[in-house]
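Chains, contacts and geometry: an overview
Below are the chains, spelled out letter by letter.
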Amino acid sequence: MPVLDYIEIKGKKTAIDDEGYLINFDEWDEAVAAVLARREGLEELTDDKFAALRFIREHFKKYNYFPIPNAICKTIHKHKDCIQEDFINALVAWKLAGLPKPEEPIISLLEAGQSPG
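Reading guide: rules and limits
Residues numbered from 1 in each chain as written. Predicted model: local features only at pLDDT ≥ 70, side-chain atom pairs only at ≥ 80, totals over all residues. Heavy atoms only, no water. Helix = DSSP H or I, 4+ residues; strand = E, 2+ residues; numbered from the N terminus. Buried < 20%, exposed > 50% of the residue type's maximum accessible area, 1.4 Å probe, protein only. Lys, Arg positive; Asp, Glu negative; His and termini not counted. Salt bridge = Lys/Arg side-chain N within 4 Å of Asp/Glu carboxyl O. Polar contact = N/O pair within 3.5 Å; in protein donor to acceptor, adjacent residues only side chain to side chain. Contact = heavy atoms within 4.5 Å. Core = buried A, V, L, I, M, F, W, Y, C linked by side-chain atoms within 4.5 Å. Phe/Tyr/Trp six-rings, centres within 6.5 Å; stacked < 30°, edge-to-face > 60°. pLDDT = per-residue confidence, 0-100.

**Remarks on the environment of E103**
Checked against the element boundaries, E103 lands in the loop between α5 (90-96) and α6 (104-111). We classify E103 as exposed; its relative accessible area is 59%. Sequence separation between E103 and L42 is 61 residues; the distance between their C-alpha atoms is 24 Å.

The following block contains the structure:
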């Protein structure tokens, strides 16, 4: 995947693609997530939102797929629609968690509010 842009935080450049997905999963941290969130029109990432993003990352790292949105909410002790309310949709949460850009069938599922898992 070619690098098409960078975000810069405290003098460190992090590569993203043309849609704002991180190129390198390991370059994610909360500061990167905050910049990505602003690019998506979300001004504030609360502790609950960061908890959801960390859970998504750990789940993806362990199982190589996005967790069921209801499971994310249950794990962070929020109501079942927390992902849609906190991140607009699961695809935005995917991006903010620094996961690699999903394939088109997964994008369609996430945009429809369904789980790819």
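Still more ground to cover, so stick around.
**What to know about the side chain of K49**
Looking at the element boundaries, K49 is found in helix α2 (residues 47-63). Despite its burial, K49 pairs with no opposite charge, the nearest such side chain being D86 at 5.0 Å. A distance of 3.2 Å separates a polar atom in the side chain of K49 from the backbone oxygen of E44. If we skip the residues at most four places from it in the chain, K49 touches E44, D86 and F87.

**Digging into the nonpolar core**
Of all hydrophobic cores here, the largest spans 36 residues; its most connected members are L53, F66, I83, F87 and L96. Mapped onto this core, the elements with two or more residues apiece are β1 (5-9), α1 (30-39), α2, α3 (69-75), α4 (82-87), α5 and α6. No other element matches α5, which puts 6 residues into this core. Leave out the neighbours within four places in its chain, and F87 touches L42, L45, K49, A52, L53, C82, V92, A93 and L96.

**Focus on the packing of aromatic side chains**
Counting across every chain of the model gives 4 aromatic pairs. Both rings, one in F60 and one in W94, keep their centres 5.9 Å apart while their planes meet at 70°; by these two values the pair is edge-to-face. Here W94 lies in helix α5 and F60 lies in helix α2, a separation of 34 residues in the sequence. W94 carries the same exposure label as F60, and that label is buried.

**Section: the confidence of the model for the protein**
Confidence along the protein averages 87 in pLDDT terms, with 93% of residues attaining 70 or more. Confidence scores differ between elements of the protein, with α6 showing the lowest mean pLDDT of 81 and α1 the highest of 96.

**Regarding the pattern of salt bridges**
Per the stated rule, a full pass over the model turns up 6 salt bridges. Taking the shortest distance from any N to any O, the salt bridge between E40 and K95 comes out at 2.9 Å. Placement of E40 in the loop between α1 and α2 and of K95 in helix α5 is noted, with a sequence separation of 55 residues between them. By relative accessible area, which is 10% here, K95 ends up buried.

**Section: unusual backbone geometry**
One non-glycine residue with positive phi stands out, namely K10, at about 50°. Assignment of secondary structure puts K10 in the loop between β1 and β2 (12-16). With phi around 65°, N64 is a residue other than glycine that occupies positive phi space. Position of N64 relative to the elements: it lies in the loop between α2 and α3.

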